[in-house]
Structures are given as structure tokens and as C-alpha cells.
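Next come the chains, spelled out residue by residue.
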Amino acid sequence: MSFGFTEAQEMFRREIRNFAKKELAPGAKERAKMDHIPPDVLKRMAGMGLMGFNIPEKYGGQTVDWVTLGISCEEVGEADFNLVLPLTLSSGIGMAVKMAAEEVQAEWFPPIVAGEALLCLATTEPGVGSDVANLSCRAVKDGKNYVLSGEKTSVSLGMQADACVVFAKTDPTKGARGVTAFLVPLNQERVSRSRIPDMGCKPVGRCSIFLDNVAVPESHRLGGEGEGFYLVMSQFDTIRVLLALMCMGAAQVSLDEAIAYAKQRMAFGRPIAKFEGVSFKIAEAATMIEAGRLLCYKALSMKDQGVRHVKESAMCKWLCPVIAVDVIHNCLLIHGQIGYSEEYQVEQRLRDVIGFEMADGTADIMKVIVSREILGREFLPY
């Protein structure tokens, strides 16, 4: 897609596409069965600068526009869906870590940029999904430390991450205004983790994190007390678009494979691409992918221009995973029985993208946000 891209963005897209096809796509099928992302792959991505977006240059990072970051997510998503989340979190959470004390930034940013450390985000709790204002995890001030206690769940990359941005209540009486964010190193005795066995995204993995009176220095607080809720909400508006683009990448590569297969697979004396039942599926898939992609880049362009994009972000997040699931499912059907086998990656991509119909907000939550932006808060459904 070239509409709306600058010459520099097009050059960047070609560079990342070549790198992803050469360095990331090979081995993606085998890595999909692992329970972690191989460190050498992360270092290869870091060598291309993919782990240092929007991290201060003095720590080895680089500032890029959000459209460029979206291009990275889409291209890497085509090569290996499971490698996008480390890229996304290093950038999105990295912006939050810039609110920590200088010595904390100096400790964590260089290894993140080098692909030697991973961050994760812990918002969800048992019984508390998108209702961030009603978290039960507590952070109590104790001298120069905060003591954190509680359970977080559905933490992507949580088993492999070295540190986690944790949202906890510092003032339980203030609702959303009582939520504070902290950077918590995960190699502490009072931190424990338990993997959640999932149907997809196995290398990324989800887990529950248990905080048993974990002492966190005040320097690891991100922003002021009571700013955590607004910190996470401001990040989600953009991260959601990046997640939508990674789904578009997975859908696009699945469609490309289905097109190639349909041209060479013979049935009743002709390629199955000549049957309307196949060609219409391909036409519909190409149309929906293009529509979803354009909506995503519109939202990121609005972000770059400083224009409010809450509605567009929520539209991307509910629509694109739905498109991806539908497209990849139909691509599997075009492949027939071999598409259902592990011989082809299409079945694995289907399992992977289904998870993003829930990640960082379900479609129903996103539709509530869209409705609020269009109709106003006074007309929100009960």
C-alpha cells in the first residue's frame, strides 16, 4: 500500500520487508511451537533498530512517527506474527518508562534496545478485565518504597519478560484517579508466575503474575500517584492500532499463500482459482484487508498530527481482528484438508489471531468506545 506514505516511509517499508522475509520468516513455523521467543531472534530485530522505537537516542533508541511504527508491525506480522508483540511493547511501554527516574531509564533502556531485555504490561486481574478503574492490586507507600500485593493475569510475554509495568491502587477511595503505574523487576523472590496454556501465540505466552508484598523503589513509579489509569489509556489508543496492523499482516500473508495455492491446485481439469466459490473468497478477503489497513494508517496519521483518534483506534481494534479471523479461516478452507494440518502455517495463524479479538479490549468494549465518541457519554448503553 502506497497511498499516504512518504518516500521515506516507502523506503523503510521495503527495507523492513526484505529483512523480515530473509531473517524472520524462515523458522517461523518451528518457532510457533516453542514456549518462548529465541533470544537470537530478538537480537536480530534489535540490530535493525526494531526494539528501540521512541526510546531516547542517548540510550540507543530512535524517534519515529507512528505510521512508520505501524509499517514495522504489519511487515513483521506477515513474516512471524509472534514477533510483533515484543516490538510493540518495547515502544509502547518504553514511552511509559520515560516517566521513571533517570537512573531507572539508564538501567533498562540499553538492554531493551539491544534485544537483551523484554518488558510486559500487567493490567488485567481475575474478575477485572477492561474495568481498569476497579483494580484490586494494591501499592502501599513505605518510606522510599511502595509495597505491591495482588494478582495480575493474561500478561502477554509475562513468562519471558524481565520487568513489568504494573498498575495498582495507591488510593482505593478514588477509583480511576487512585491507580498508579510502576516498573517492577520480575526476578524478585516475592514475585511468582504461572503460565496459561493457550491455543495460540505459544511463543508469546500469557501468564498470571503474583505479587506478595513486593517492595518497589519510589524511583520505579511511572509518573505521579494517581496517573496510572490515564497513562495506560493514552498508550492503549495507539497500541490497539498496532495490534490491528499485525493482524492485517497475518491475514495478508495467508491470502498470498491461498492465491498461490489456488492457481496451481487442479480440480475437475482446471485450477480452483477459476471457480467463483474460490475467487470470490479471494476478492472479498483482499477488499476487507485493504479497508482495515487504510483505517489503521488513518488512525496512526491522526496520532502523528496530534488529532484525537480514540474513535478510529477503537474501530481498528474491533474490526481488524474480525477481518483477520474471517480471512485466514477462508484461506484455510481454500487449502482444503491440508490447510487443516500442521503442514501449512495457516492453521497456526488462525489460532493466533483469535486471541486478538480479546487482547487489549474486546470488540464489545471497543464498540462502547465508538458509540461514546459518536453519541456522547449521556447515551452510553447500560
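Note that this is a predicted model, so its numbers are computed, not measured.

Novice: Explain the overall build of the protein chain to me, and be specific about the residues and the numbers.
Specialist: Per the secondary structure count, the protein chain includes 11 helices and 10 strands. Computed over its C-alpha atoms, the radius of gyration of the protein chain comes to 21 Å, within 12% of the 21 Å expected for a compact globule of 382 residues. On the principal axes, the C-alpha backbone points of the protein chain span a range of 80 × 50 × 40 Å. Counting the 382 residues in the protein chain, one finds 53% classified as buried. Across the protein chain, the fraction of contacts at a sequence separation of at least 24, relative to all contacts at a separation of at least 6, is 74%.

Novice: Provide a residue-level description of empty space enclosed by the protein, including the pertinent values.
Specialist: Per the stated rule, a full pass over the model turns up 2 cavities of 30 Å³ or more. By volume, the largest cavity amounts to about 70 Å³. G92, A96, L121, F167 and Q235 are the residues nearest the centre of the largest cavity, which is lined by 10 residues in total. At the level of secondary structure, the elements contributing two or more residues to the lining of the largest cavity comprise α5 (84–97), β4 (163–169) and α7 (228–264). At 4 residues, α7 tops the list of elements feeding residues into the lining of the largest cavity. Looking at the lining of the largest cavity residue by residue, the class counts come to 8 nonpolar, 2 polar and no charged. The wall of the second largest cavity is formed by A28, R31, A32, I37, P38, D80, N82, L83 and P203. Here the lining of the second largest cavity is built from residues that sort into 6 nonpolar, 1 polar and 2 charged.

Novice: Got a sec to walk through the pairing of strand β2 (residues 138–142)? Specific residues and values, please.
Specialist: As paired strands, β2 and strand β3 (residues 145–156) are joined by 5 bridges and run antiparallel to one another. Note on β3: the bridge partner recorded for D142 is N145. Hairpin connection between β2 and β3: a loop of 2 residues separates the two successive antiparallel strands, and G143 in this loop has a positive phi of roughly 65°.

Novice: Provide a residue-level description of the packing of helix α9 (residues 310–335) against helix α10 (residues 346–354), including the pertinent values.
Specialist: Following both chains from N to C, one finds α9 and α10 inclined at 160°, their axes separated by 9 Å at the closest point. Between α9 and α10, the angle is such that the two are roughly antiparallel. Viewed along their axes, α9 and α10 form a crossing whose handedness is left-handed. Every residue of α10 that contacts α9 at A324, V325, I328, H329, C331 and L332 is listed here: V346, E347, R349, L350, V353 and I354. Taken together, the residues of the contact of α9 with α10 break down into 9 nonpolar, 1 polar and 2 charged.

The rules behind the values
- Residues numbered from 1 in each chain as written.
- Predicted model: local features only at pLDDT ≥ 70, side-chain atom pairs only at ≥ 80, totals over all residues.
- Heavy atoms only, no water.
- Helix = DSSP H or I, 4+ residues; strand = E, 2+ residues; numbered from the N terminus.
- Rg over C-alpha atoms; globule rule 2.2 N^0.38 Å.
- Buried < 20%, exposed > 50% of the residue type's maximum accessible area, 1.4 Å probe, protein only.
- Contact = heavy atoms within 4.5 Å.
- 1 Å grid on protein atoms, 1.4 Å probe; cavity = no way out; pocket = protein on both sides within 12 Å on 5 of 7 lines; lining within 4 Å.
- Points joined across faces, edges and corners; volume = space filled by probe spheres on them.
- Nonpolar A, V, L, I, M, F, W, Y, C, P; charged D, E, K, R; others polar.
- Pairing = 2+ DSSP bridges.
- Axes fitted to C-alpha atoms, helices over the stretch in contact; angles between N-to-C directions.
- Parallel < 35°, antiparallel > 145°, perpendicular 65-115°, else oblique.
- Left-handed = near helix turned anticlockwise from the far one by under 90°.

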